[in-house]
4 protein chains.
Amino acid sequence: MSGTWGERLELSIFGESHGKGIGIVINGMPVGYEIDYDYIRKDMKRRAPGKNKLSTPREEKDLFDILSGVFEDKISGAPIAAIIMNTNTKSKDYSNIQFNMRPGHGDYPGFIKYKGFNDYRGGGHFSGRITAPLVFAGSLAKQILKSKGINISAHISSIGDIEDENFDKLNLNESLVEKLRDKEFPVLDDKKGREMQEKILKAKEEGNSIGGTVEVMISGTPVGLGNPFFDSVESKISSIVFSVPAVKGIEFGAGFSITEMNGKEANDEYHLEGEDIRTKTNNNGGITGGISNGMPIIFKVAIKPTSSISIKQNTINIKDMKETELEVHGRHDPCIVHRAVPVLESVAAIAILDLMLLEGEF
Amino acid sequence: MSGTWGERLELSIFGESHGKGIGIVINGMPVGYEIDYDYIRKDMKRRAPGKNKLSTPREEKDLFDILSGVFEDKISGAPIAAIIMNTNTKSKDYSNIQFNMRPGHGDYPGFIKYKGFNDYRGGGHFSGRITAPLVFAGSLAKQILKSKGINISAHISSIGDIEDENFDKLNLNESLVEKLRDKEFPVLDDKKGREMQEKILKAKEEGNSIGGTVEVMISGTPVGLGNPFFDSVESKISSIVFSVPAVKGIEFGAGFSITEMNGKEANDEYHLEGEDIRTKTNNNGGITGGISNGMPIIFKVAIKPTSSISIKQNTINIKDMKETELEVHGRHDPCIVHRAVPVLESVAAIAILDLMLLEGEF
Amino acid sequence: MSGTWGERLELSIFGESHGKGIGIVINGMPVGYEIDYDYIRKDMKRRAPGKNKLSTPREEKDLFDILSGVFEDKISGAPIAAIIMNTNTKSKDYSNIQFNMRPGHGDYPGFIKYKGFNDYRGGGHFSGRITAPLVFAGSLAKQILKSKGINISAHISSIGDIEDENFDKLNLNESLVEKLRDKEFPVLDDKKGREMQEKILKAKEEGNSIGGTVEVMISGTPVGLGNPFFDSVESKISSIVFSVPAVKGIEFGAGFSITEMNGKEANDEYHLEGEDIRTKTNNNGGITGGISNGMPIIFKVAIKPTSSISIKQNTINIKDMKETELEVHGRHDPCIVHRAVPVLESVAAIAILDLMLLEGEF
Amino acid sequence: MSGTWGERLELSIFGESHGKGIGIVINGMPVGYEIDYDYIRKDMKRRAPGKNKLSTPREEKDLFDILSGVFEDKISGAPIAAIIMNTNTKSKDYSNIQFNMRPGHGDYPGFIKYKGFNDYRGGGHFSGRITAPLVFAGSLAKQILKSKGINISAHISSIGDIEDENFDKLNLNESLVEKLRDKEFPVLDDKKGREMQEKILKAKEEGNSIGGTVEVMISGTPVGLGNPFFDSVESKISSIVFSVPAVKGIEFGAGFSITEMNGKEANDEYHLEGEDIRTKTNNNGGITGGISNGMPIIFKVAIKPTSSISIKQNTINIKDMKETELEVHGRHDPCIVHRAVPVLESVAAIAILDLMLLEGEF
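Report on the accompanying structure. What you see is a predicted model; the values in this text were computed from it and never measured. (Residues numbered from 1 in each chain as written. Chains lettered and ligands numbered in written order. Predicted model: local features only at pLDDT ≥ 70, side-chain atom pairs only at ≥ 80, totals over all residues. Heavy atoms only, no water.)

1. Structural notes on the packing of helix H1 (residues 37-47) of chain B against helix H3 (residues 131-146) of chain B
Residues and elements named next belong to chain B. Contact geometry for H1 and H3: axes closest at 9 Å, N-to-C directions at 140 degrees. Relative to H3, the element H1 lies oblique. H1 and H3 meet at a crossing whose hand is right-handed. Of the residues in H3, those in contact with Tyr39, Ile40, Asp43, Met44, Arg46 and Arg47 of H1 are Thr131, Ala132, Val135, Phe136, Ser139, Leu140, Lys142 and Gln143. A per-class count over the contact of H1 with H3 returns 7 nonpolar, 3 polar and 4 charged. (Axes fitted to C-alpha atoms, helices over the stretch in contact; angles between N-to-C directions. Helix = DSSP H or I, 4+ residues; strand = E, 2+ residues; numbered from the N terminus. Parallel < 35°, antiparallel > 145°, perpendicular 65-115°, else oblique. Left-handed = near helix turned anticlockwise from the far one by under 90°. Contact = heavy atoms within 4.5 Å. Nonpolar A, V, L, I, M, F, W, Y, C, P; charged D, E, K, R; others polar.)

2. Thoughts on the pairing of strand E8 (residues 151-159) of chain C
Every regular strand shows the same layout, with side chains that alternate between the two sheet faces. Residue and element names in this part refer to chain C. Within E8, 9 of the 9 residues are buried, which leaves the element mostly enclosed by the surrounding structure. As judged from the 8 bridges shared by E8 and strand E10 (residues 212-219), these two strands associate in the antiparallel manner. Residue pairing in the sheet places isoleucine 159 in a bridge with glycine 212 of E10. As paired elements, E8 and strand E9 (residues 162-163) share 2 bridges and run antiparallel to each other. (Buried < 20%, exposed > 50% of the residue type's maximum accessible area, 1.4 Å probe, protein only. Pairing = 2+ DSSP bridges.)

3. Thoughts on the sheet that holds strand E3 (residues 21-27) of chain C
Note: strands within a sheet are paired through backbone hydrogen bonds, in either parallel or antiparallel orientation. Residues and elements named next belong to chain C. One open sheet holds the 5 strands; their spatial order is E1-E2-E3-E7-E4, and the pairing between them is antiparallel. With partners counted over all chains shown, the strands left at the sheet margins are strand E1 (4-5) and strand E4 (64-68), one partner each. Sheet topology places E3 next to strand E7 (residues 80-85); 6 bridges connect them, and they run antiparallel. Directly across from isoleucine 24, in E7, lies its bridge partner alanine 82. Most of the contacts of helix H1 (residues 37-47) go to E4, to which it runs at about 130 degrees, and overall it touches E4 and E7. Helix H3 (residues 131-146) rests against strand E2 (10-14), E3, E4 and E7 of the sheet, and its axis sits at about 35 degrees to E3.

4. Some words on the sheet that holds strand E3 (residues 21-27) of chain D
Residue and element names in this part refer to chain D. If you trace the 5 strands from one edge of the open sheet to the other, you get E1-E2-E3-E7-E4, paired in antiparallel fashion. The strands lining the two open edges of the sheet, one partner per strand, are strand E1 (4-5) and strand E4 (64-68). Packed on one face of the sheet, helix H1 (residues 37-47) meets E4 and strand E7 (80-85) and runs near 130 degrees to E4.

5. As for the pairing of strand E17 (residues 313-317) of chain C
Residue and element names in this part refer to chain C. Burial runs high along E17: 4 of the 5 residues are buried. Where E17 meets strand E18 (residues 322-326), 5 bridges bridge the pair, whose relative direction is antiparallel. Within E18, the residue paired with isoleucine 316 across the bridge is glutamate 323. Hairpin geometry of E17 and E18 is characterised by an intervening segment of 4 residues between the two adjacent antiparallel strands and by a positive phi of about 50 degrees at methionine 321.

6. Some words on the environment of glutamate 178 of chain D
Residues and elements named next belong to chain D. Topologically, glutamate 178 is positioned in helix H4 (residues 174-182). Residue classification places glutamate 178 among the partly exposed positions, given a relative accessible area of 28%. Each C-alpha atom, one on glutamate 178 and one on serine 153, is 8.5 Å from the other, the two residues being 25 residues apart in sequence.

7. A word on a negative patch on the surface
Residue and element names in this part refer to chain A. There is a patch of like negative charges on the surface, built from Glu34, Asp36, Glu72 and Asp73. Topologically, glutamate 72 is positioned in the loop between strand E5 (70-71) and strand E6 (74-75). For glutamate 72, a relative accessible area of 57% corresponds to the exposed category. (Patch = residues over 30% accessible without salt bridge, like charges linked within 9 Å, V, L, I, M, F, W, Y side chains within 5 Å. Areas by Shrake-Rupley, 256 points an atom, 1.4 Å probe, with all protein chains shown as cover. Salt bridge = Lys/Arg side-chain N within 4 Å of Asp/Glu carboxyl O. Lys, Arg positive; Asp, Glu negative; His and termini not counted. Charge placed at Lys NZ, Arg CZ, Asp CG, Glu CD.)

Function-wise, these values are silent; they only describe arrangement.
Structure (structure tokens):
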């Protein structure tokens, strides 16, 4: 299904960039939790464009309206439906691309899959804008997980070749979670962060774009989430992470670099810290045999440079079946990595909450 | 669910390393295809251990017995059930590890999840041996896909820091598919392959282990498989790839290195080759907007060093809740990367066949 | 999941009787179909209350607003989201029932399941009002099926002990479909229909209610829908029919009366009509071995008397855990059987469309 | 899927009547339960044919072999796989029916669906024999539910027009459960039972067959299983009950006769029995609003006369596309209602256990 995810926590997202509205229906959220609307609004603002010159000037307030599932500000048990009406849609910006397939976008495979009936304006249902409802759901999931002692955080790990520090793989300080949540450009090393921002602005000037990586960390998860083989924690997380547009890779723990270790180095030896069983290293990113081992779950995600650029590109016109050149002069993000940070926190929260519900944790 | 995967092609695997037998039930295979048993046996032999000194000496013939779903050597439409009886099980080798949790393994999270009731011998249901039924299913899927012009191949891309060449991202030569399928140690550059094998044997001598990467390529897929957001091609493939034990990362197309490109470089520009729409580069690995664009689908997988090593390790005894030392003297693989090659081809085939069935392609 | 149904056609409904709005998200509708809005509005009006004295005077216009999935009046391939805002909600009518559990309703099991957090006003998410979005989806499905030569119709088969004629089990005349669709009280024998209406009004006068049965018929389905065992056509249809509130029974073909036939009578013998294989009788209701055999699919549904009555009833107060008496003076339907007719047509259409999509029919 | 059912308890059945073997893979059974093999063997014997002249003389011992998922006689958490090898297969009995489609059977829709590739011998995968693995799973589920105070029982409610008494809808005596389990012909009133058996033998003499109904009762279920709308308890149970071959109807509580009651009669008023909330009647069969209300869950199932009869029937030959006559002289059941009793107990147990697992009850 194009718009449904989850086993016990089930999400259906909908919406097109230039349609009437976008939204989400969520089944399975644990009942009785009081909703902190400001917390959600803050996460949605972290994702929203138009805040500064690092993003597209398309300003969307992303004000959500909850139609059902919440009664007297608490989760009622009925499906939660939240909608966000589209307000700032300039359709004319996109009119020239109906048949000129934008490289790197879903235009061409979408045209074939939907036989030309899909809404091509602003990327239609392929738009990154559809991640806003995911942030609504994920922010709610984060609140609930927090009440169980589970914290989730993410930071920009690199922009192009400029790298931030990594999280301490053994511990996630709660104050760091809050600090990163407050940052407009969430990095651990702000000096590197400034370099990254310069790199983004330079790409913008050139009508080009730039990618990067995001590191996500989840602390406080119980031992025993996930399954060997199908529905491993890695399967679960990756399946929803690859739902986020522009993601092209994911690695857990030491990731690809674990392949250059030997077994003795890679294995995370167990020891006791008081009554807790913990590991001294966390190369496996909190997951062994597909199952959470109680250490923080850590993964890094590769995000490609935004496909929308204003530099002239070669492409084909699908109607005429001819080669052509394309110049797109809409409102673009020169980089979406910083906006992806709350989205990736959100999908991590959704995955973990589903895994918790599958274990009957609520 | 721990043992079920797929939407239209649905797999249930079962088995424990030292139980009576392992196997798979497959629903949804397209009817009428004649089964090439030798083709399957060859793929299963590629995965099987005991062939040479690069693998565990545990010799398992992996002879499968088809109980249902095949009538007069053709797929009948009923669920296909194939079983492989376990023959060469030396349980005593593993008896000392019942309560001493092997680092890097699923022992500890499994013990907690299954409340100590799981079969601990040889890793039980966590055993890499359970990938044999996946190869049965995947080899069958490969045959069917081949009849539709879809070819799937994989090679060892690196062992430790020794790297093989990469596939040509634009074309997969069918003779190369066969050539790699015939190689005992499937690499593109055999000189590098010999270095890799030396590295593996060195690790073996030290009682240690080594990891690596595998590159997988799928050519001939139609445009339009997958979905934007949930159930993207990347989601689908990654969810089953992370079902393969020891996988810690996956990247599509240029993968993590795409984050160091700019948009102009990363976007794969379209052009016409005769009447075919193709791209000049394939940094997106054949997938844009979550949907196949007709170019070869390419991904690379990180496989960690085998967790089972004979070097002494620190760990805890879960019964006594005490720290202890562990020496495992069973029959180990110093490296499983070469054995993972047919497994990864198999899960790729399974994912693609499910995606094809979802589009009503059969 | 409480609010999701389907395999290839996937529905998520949401809403509470007295919340902001209700609606549905539909994934998997075949692309390119032009939507006949009037056709849908007519079906929704057939279900809507407030038209005459046979129904609750709560008047709801059930005006739907499509937020996404439709582009230039055609199905675009993106998830279809339709919402209906609640307008005529008199919450005070229901305030006395928060803790007094109404017999026959979901109040008590709902209170336990949702730990008292569910919206109790007007039945909350248990309200029959939530069937309105199902009619939206089903009416759309009926349009699409009609274009494939599949017709779906239903009529009131009985109210209390007054019985209508049955459909001719071998043929469904298209003009009959339209005729029934136009009737405010859809029966085959209008004389019986008048008796039924009197019976309903009599129950209303007494503050009581009455039930009945509905017969549903689907003609033109291809041979081969469904599966033996799990996911039989009967499984599929019954699983969604029992989603409709107040349904307590379903029978296919001759149903319970087939148990009084012998095999020779019950078996529907095959013969040729021109080049078509048909049966001379249709005791199996178009389904043998769980699979459609090309004859019309026919089933009958038992609908219990509306639980909401104004006669005094004994019950318990869940807060005080004491026995009490209950008098509910809201706006009630003395009978919902006639309003259930378009709902049952709708769920039949949804089930058949999902079965068709599973066979790759679109 | 043709062979998979369930959300948290997931079953995959396989097998063909005259293939090598049949079986089941079960995921999600709660770990640690000790298996009572004799209990399972007894249930399987209740279903097995060949015991007396009321059934087909085909004698199948239905000896199951557990390949995985059970360790030291306890459920280990890995998928449980059980196989039953086919031993007594006389294929020649069925050879004449390859192209002559047996009325009332799945032959014709199966031939179309599987394009003629399905194993036609003995009904292939359509065979009632495939219910044996369901009894294995259901018998295991019954054991586990019993340990939670949930009892499940069933009896023959009618054969043709001869009716047994009904269960007391308010209470299920545990000794009655055992008594019925011990009866070769499980009825409440043995005098009626003898009449029924005579009726079956008379049908047998005539080469004809006869149907009937089965009443199933489940006591001790907690309040709160199931969901309003999709996945109501009725949806869940009916979806698996209609997986049992020959079932053509299901009704809960008072079922179709509730349509002749008025609301005051039909509503089950609540009262207190000590600290328990119970109802004085049980017309809703333990389910209101789709959710269990703590009263016994009761349903009745219509089973059609066995399709296989030896009387001459008219049919078509699918190869020649000609009308023909058919006489089947294999080994037939003149009635399967008594053999369906343990099967229906089993699927009830499977459905209830899945609903319990969905509520995190284990």
